[in-house]
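If you want the building blocks of each chain, they are given just below.
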Amino acid sequence: MILQRRPEVEGTAIRHRGWSPGRIDPARALLITAAGGCAVGSLIWTLLVGFVEPHAALAFGVLIAAGELARITLPGHREVAPIASAGAIGYAFLLSIGGVMVTHSAWQVIAVVTLGVALGELPHIAVGREPRWSDLARRVLIVEITALVFRPFVHEVPPDPDNWWLIVAVMTALVAAAWLIDAAIAAAIRAERLHTRLSVAFGDELRAQFAIGMAIGSSGVLIALASTVTGLVGLLVFTAPLLVTQVAFRRFAEIRLTYLQTVRSLSRVTEVGGYVETGHSRRVSRLARLIGCELGMRESELLELEYAALMHDIGQLSLRDPIAGGATVLASPREQRRIAELGSAVIRETGVLDSVAELVRRQCESCEGDGDDGPPPLGSRIIKVANAFDDLVGESKDEDRIKAVLQRLRMDAGREYDAEVVAAAARVLERARARR
């Protein structure tokens, strides 16, 4: 069966899966409901019985609000508020202020955190920056769990010189447990949203949150312990290092985003030059990433796959005459290999994308490999399928055409294309069709 590309544009064949306004995934809905219900209940209870130690509640509430106002977004679209989270944990762990014991309950902790978070989010909402509700709910829920465990414990075991080690050990254990619970919740949401394996998503979250999670947890413990000696001045003393850490994470996130935007801009050179159709590289990258998620690739591997898919056709710039429609799937194997090798050479010139260059170099090989190097990497096999699909379908949404192209890929599976990758692509496209 020979399929040629349709010249007309009918819309996108597949769109990036993200949060749509009309759909809330079950895990996300459960998280928001649990965190929100506990927060509302604590507010009502605290308003009825009244606040104790109002000066401390006000100081921590202001710190939490300021930290929430300064929240940042890390790679992987992870929204965090390090200062707010550390302040909330510090308030949950607070034992005394300047030697004077505090007696606030877990419900007051949750109420103060809820009010602080709400005040910090108001300016963002006012200018149209709506928070990521699942990330916001996770931040609140972790503090709720921590407070509900620690405050009853410290009321039963008041601190004294003989049991300080026990209290600090409980704080440390709760921080570690909170980090693991938060990673597990984030992984469940990520796995459901991206249709990837829960174990892979959990590993990604542990790696992504380890540094920032430990900084937040240790700062929260230090704030609580320092306030025992220095009073509320300890809030400023131990928030300053966390502020520096937050600035460093923000810079890292900005550099990472700039890097990706640069790669995306570079990938458009082939489109501007008329070598491929408009949007081809973005569509191949989007489909390849979804297939990678379906097959359980790690986040770092997905990033390399995205880079490689965006630049998979950059070798066409070396051609004297562009391939008709830019469809390399219709080119001869020799020409496909030449394009891949030239594209790989261009990418290697950057000096930092060797693994991406290798994915591009081997994208034209059959699923079993064409030389002595064995089968090509999974990323190369994914790009080969995604590129072939988009070369033959383009922006068309015609169901018969999509089915015909998938059937052609299945016929060549096991020889030219990886059967597992083709099956994953079919599942991804079927979900995309069901959402339309």
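These numbers come from a predicted model, not from an experiment.

A. Looking closely at the pattern of salt bridges. A complete count under the given rule lists 24 salt bridges for this structure. Put simply, Asp 135 and Arg 138 hold a salt bridge, and the shortest N to O gap is 2.7 Å. One end of the pair, Asp 135, and the other, Arg 138, are both in helix H5 (residues 133-156), three residues apart, so they sit about a helical turn from each other. Among the salt bridges present, the one from Asp 390 reaches Arg 283, with a minimum N-O distance of 2.7 Å. Note that Asp 390 is positioned in helix H14 (residues 378-393) and Arg 283 in helix H10 (residues 280-294), a separation of 107 residues in sequence.

B. Spatial organisation of the UniProt feature "transmembrane region" (unreviewed entry) in the protein. Taking the UniProt record as the reference, the feature "transmembrane region" (unreviewed entry) is found at residues 29-51, 81-100, 106-124, 166-189 and 232-249. For residues 81-100, helix accounts for 60% and strand for 15%, while the C-alpha atoms at its two ends are 29 Å apart. A distance of 28 Å separates the end C-alpha atoms of residues 106-124, which is 100% helix and 0% strand.

C. Broad picture of helix H6 (residues 164-194). With 31 residues, H6 should cover 45 Å at 1.5 Å per step; its first-to-last C-alpha distance of 45 Å lies within 8% of that length. Backbone geometry just downstream of H6 places His 195 in the positive-phi region, at approximately 55°.

D. Representation of the environment of Ser 281 in the model. Within the secondary structure, Ser 281 is located in helix H10. The residues contacting Ser 281, other than those within four sequence positions of it, are Ser 267, Thr 270, Glu 271, Ala 309, Leu 310 and His 312.

E. Representation of the side chain of Ser 380. Secondary-structure assignment places Ser 380 in helix H14. Residue classification places Ser 380 among the buried residues on the basis of a relative accessible area of 1%. Setting aside anything within four residues of it in sequence, one finds Ser 380 in contact with Glu 358, Leu 359, Arg 362 and Gln 363.

F. Structural view of the confidence of the model for the protein. Per-residue pLDDT for the protein averages 85, and the proportion of residues at 70 or more is 92%. Element-level pLDDT for the protein is lowest in helix H9 (residues 269-272), with a mean of 78, against a maximum mean of 94 in helix H4 (residues 106-126). Low pLDDT (under 50) marks residues 1-22, which in the prediction has 66 contacts with non-local residues, meaning those over four places away or in another chain.

G. Fine view of the environment of Glu 53. Assignment of secondary structure puts Glu 53 in the loop between helix H1 (26-49) and helix H2 (54-69). Exposure remark for Glu 53: the relative accessible area of 22% places this residue in the partly exposed category. When the C-alpha atoms of Glu 53 and Ala 425 are compared, they prove to be 59 Å apart, with 372 residues separating the residues in sequence. With near-sequence residues (within four places) excluded, Glu 53 lies in contact with Met 101, Val 102, Thr 103 and His 104. Reaching out from Glu 53, the side chain makes a polar contact with the backbone nitrogen of His 104 at a distance of 3.4 Å.

H. Layout of a nonpolar patch on the surface. A cluster of nonpolar side chains, contributed by Val 40, Ile 44, Trp 45, Leu 48, Val 49, Trp 107 and Leu 148, occupies part of the molecular surface with about 710 Å² of accessible area. With five residues, H1 is the single largest residue contributor to the nonpolar patch. Along the chain, the position of Val 49 falls in helix H1.

I. Local environment of the side chain of Gln 108. When you line up the elements, Gln 108 lands in helix H4. Excluding residues within four positions of it along the chain, Gln 108 makes contact with Thr 46, Gly 50, Phe 51, Val 52, Ala 57 and Tyr 91.

J. View of the packing of aromatic side chains. Overall, the coordinates contain four aromatic pairs when judged by the stated rule. Seen from their ring centres, Phe 93 and Phe 150 are 4.8 Å apart, and the 65° between their planes marks the pair as edge-to-face. One end of the pair, Phe 93, is in helix H3 (residues 82-93); the other, Phe 150, is in helix H5, with 57 residues separating them in the sequence. Relative accessible area serves as the criterion here: at 1%, Phe 93 is assigned to the buried category. Pairwise contacts between aromatic rings join Phe 93, Phe 150 and Phe 153 into one cluster.

K. Main features of the packing of helix H12 (residues 333-348) against helix H13 (residues 354-361). Their axes nearest at 8 Å, the elements H12 and H13 cross at an angle of 175°. Comparing their axes, H13 and H12 come out roughly antiparallel. Residue-level inspection shows Ala 340, Glu 341, Gly 343, Ser 344, Ile 347 and Arg 348 of H12 in contact with H13, the latter providing Asp 354, Val 356, Ala 357, Glu 358, Val 360 and Arg 361. Of the residues in the contact of H12 with H13, the class split is five nonpolar, two polar and five charged.

L. Representation of empty space enclosed by the protein within the structure. Evaluated as defined, the whole model comprises five cavities of 30 Å³ or more. Volume-wise, the largest cavity comes out at about 300 Å³. In terms of lining, the largest cavity is formed by 18 residues, of which the most central are Ser 85, Asp 182, Gln 209, Gly 213 and Ile 216. For the lining of the largest cavity, the elements supplying multiple residues, two or more each, are strand S2 (78-80), H3, H5, H6 and helix H7 (198-230). For the lining of the largest cavity, a count of residues per class yields nine nonpolar, four polar and five charged.

M. How the structure looks around the packing of H2 against H4. The interhelical angle for the contact between H2 and H4, taken along N-to-C directions, is 40°, at an axis separation of 7 Å. Accordingly, the angle class assigned to the pair H2 and H4 is oblique. Crossing handedness for the pair H2 and H4: right-handed. Note on element contacts: H4 touches H2 through Gln 108, Val 112, Val 113, Gly 116, Val 117, Leu 119, Gly 120, Glu 121, Pro 123 and His 124, opposite Ala 57, Gly 61, Ile 64, Ala 65, Glu 68 and Leu 69. Across the contact of H2 with H4, the residue classes break down as nine nonpolar, five polar and two charged.

How each quantity is defined
- Residues numbered from 1 in each chain as written.
- Predicted model: local features only at pLDDT ≥ 70, side-chain atom pairs only at ≥ 80, totals over all residues.
- Heavy atoms only, no water.
- Salt bridge = Lys/Arg side-chain N within 4 Å of Asp/Glu carboxyl O.
- Helix = DSSP H or I, 4+ residues; strand = E, 2+ residues; numbered from the N terminus.
- UniProt positions renumbered as here; feature names shortened; annotations may be inferred.
- Expected span 1.5 Å × (residues − 1).
- Contact = heavy atoms within 4.5 Å.
- Buried < 20%, exposed > 50% of the residue type's maximum accessible area, 1.4 Å probe, protein only.
- pLDDT = per-residue confidence, 0-100.
- Polar contact = N/O pair within 3.5 Å; in protein donor to acceptor, adjacent residues only side chain to side chain.
- Patch = residues over 30% accessible without salt bridge, like charges linked within 9 Å, V, L, I, M, F, W, Y side chains within 5 Å.
- Areas by Shrake-Rupley, 256 points an atom, 1.4 Å probe, with all protein chains shown as cover.
- Phe/Tyr/Trp six-rings, centres within 6.5 Å; stacked < 30°, edge-to-face > 60°.
- Axes fitted to C-alpha atoms, helices over the stretch in contact; angles between N-to-C directions.
- Parallel < 35°, antiparallel > 145°, perpendicular 65-115°, else oblique.
- Nonpolar A, V, L, I, M, F, W, Y, C, P; charged D, E, K, R; others polar.
- 1 Å grid on protein atoms, 1.4 Å probe; cavity = no way out; pocket = protein on both sides within 12 Å on 5 of 7 lines; lining within 4 Å.
- Points joined across faces, edges and corners; volume = space filled by probe spheres on them.
- Left-handed = near helix turned anticlockwise from the far one by under 90°.

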